[in-house]
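Fold and geometry: a report
Residue-level listing of the chains:
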Amino acid sequence: MRLPLLRWTGPLAVRAAVFITVMCCALAALLGVLVHVSVTNQTVGEARDTALARLREATDAYEAGDPLRRGAGVDPAGLPERLRELAVSGRRGTMVADYEGRPTMWAAGPAAGGRALAVRIDHTQGERTIDGLDSAIVWSSALAIGATLLVGAFAVTRVTRRLHTTARVARRISAGDLDARVGDPRALDPSRPQDEVASVAAALDSMAASLQGKLLAEQRFTADVAHELRTPLTGLHAAAELLPPGRPTELVQDRVAALRTLTEDLLEISRLDSGRERLELDAEPLGELAARVVRGSGTDTRVDVVRDARVETDRRRLERVLGNLVGNAHRHGRGPVVLTVDGPVITVRDHGSGYPEYLLAHGPQRFRTESGTKGHGLGLTIALGQAEVLGARLEFANPPDGGALATLTLPQQQQQQQQH
């Protein structure tokens, strides 16, 4: 079961916390072992020196025939066998072992007759000292690890929170909000120390500002070109109407009409790009609206109303979207073309070769077509832009059985169901 993480916590914070914890535990264990070994060696060494000093005193007393002190004796009970064997072999040694349930430091040396002379010293206090030290090491290490982890987590989460903010702004920019900025305090104040997160935030803000400036310049250029073309096109259209009837005149008039359509499309795109479009809402029956769009297109598109609905929408914009989808289906696909109304969902399906891969992956792109047929590639771009203004979702797909499918889903809150 995964533990729930805070909304701004990501893998980086988790990994940093794990790394800090592991390093703290490793450092605490290393220091604890060093301190334990050092103190144990010192404590045991002092007890060993004391035991050997008493063994020398006992040896002198034994050799002088004097009575031995308490805790000293020849072949005493409880003497560890290994230490006895060492003493019988003619050497002296010490060993810590339990005697009557208590830790005891033994020291033994050779005695006459192949026996062992030994002394014992109570080592309880030394063991208590070592045990107390071990407990202190464990508790102090735990407190140090906890404090370090809290401080490290606080420092890491501050960084990850700033990274999360930067990533959120980047997603907003990717979604089209070019006014979004990180505004990192460190990046805005040059007198403050600049870290890597501040550098990334400043670079992202700079990129967004540059991108916004270029797009605005492009939008202004498109709008200015379209506006400037309107006047000469109007005169050109009027002049074409005065030409004598004939095939050349028809060709000229056809090209002038195409140029006028392109100009109007560019103007419409510039208005959509500006983001200042306003809706004129009214209750519209979708079945009747779809039939009207098909009649206006002059095509043999079939209209299927599975479930009619009345919606609060902008009729002109919705007709523009459906008209462009129907026109694109006939221009780049093959019949039969079917427009289906199912409540707030409207689909346009043809049976051609389907949408190109770039369109499915990245959406419609201006002035790009791959079917080889006539057109300037703005129809689906305009349809997508108008759908966004309507608050609708326009999706493109290629059904498994072939053809192209465009699905327009109108906002649910604007829907008023009507039985058909």
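Within an unreviewed UniProt entry, the label attached to the protein chain reads histidine kinase, and the organism entered is Streptomyces rochei. Heading Subcellular location (unreviewed entry) of the UniProt record for the protein chain holds this comment: "Cell membrane".

1. Topic: the environment of S297
Checked against the element boundaries, S297 lands in helix α7 (residues 286-297). For the pair S297 and V326, spaced 29 residues apart in the sequence, the C-alpha separation amounts to 7.7 Å. Among the polar contacts listed, one links the side chain of S297 to the backbone oxygen of V294, at a separation of 2.7 Å.

2. A closer look at helix α10 (residues 379-390)
What sets the pattern is the α-helix's 3.6 residues per turn: residues three or four places apart point alike. Across its 12 residues, α10 extends 17 Å between first and last C-alpha, which sits within 8% of the 16 Å expected from 1.5 Å per residue. Every buried residue belonging to α10 is among L380, T381, I382, A383, G385, Q386, A387 and L390, and all of these are buried. At the exit of α10 stands G391, carrying a positive phi of roughly 80°.

3. Focus on the nonpolar core
In this structure, L286, L318, L325, L339, F396 and L408 are the most contacted members of the largest nonpolar core, which totals 32 residues. The dominant element in this core, judged by the number of residues it contributes, is helix α8 (residues 315-332), at 6 residues. Sequence-distant contacts of L339, that is, excluding residues within four places in its chain, are made with A290, V294, T301, R302, V303, D304, V326, I346, T347 and V348. Counting 11 residues, the second-largest nonpolar core is a separate cluster that includes V44, A47, A58 and V119.

4. Focus on the UniProt feature "transmembrane region" (unreviewed entry) in the protein chain
The UniProt feature table records "transmembrane region" (unreviewed entry) at residues 12-35 and 136-156. Between the C-alpha atoms that bound residues 136-156 there is a distance of 29 Å. The span itself is 100% helix and 0% strand.

Basis of the calculations
- Every chain is numbered on its own, with residues counted from 1 as its sequence reads.
- Residues qualify for local features only when their pLDDT is at least 70, as the model is predicted, and side-chain atom pairs are given and counted only at 80 or more; totals for whole chains, interfaces and linings, by contrast, use all residues.
- Side-chain numbers come from the whole structure's heavy atoms, not from hydrogens or water.
- UniProt positions are given in the numbering used here, feature names are shortened, and annotations may be inferred rather than shown by experiment.
- Numbering of helices and strands runs from the N terminus, with a helix taken as a DSSP run of H or I at least four residues long and a strand as a DSSP run of E at least two residues long.
- Any pair of nitrogen or oxygen atoms within 3.5 Å is treated as a polar contact; in protein, a donor-acceptor pairing is required on top of that, and neighbouring residues in sequence qualify only through side-chain atoms on both sides.
- A helix's residues, less one, multiplied by 1.5 Å, set its expected span.
- Whether a residue is buried, partly exposed or exposed follows from its accessible area with a 1.4 Å probe, protein chains only, as a fraction of its type maximum: under 20%, in between, or over 50%, in that order.
- Throughout this description, the term nonpolar core refers to a set of buried Ala, Val, Leu, Ile, Met, Phe, Trp, Tyr and Cys residues connected via side-chain atoms within 4.5 Å.
- We call two residues in contact when some of their heavy atoms are within 4.5 Å.

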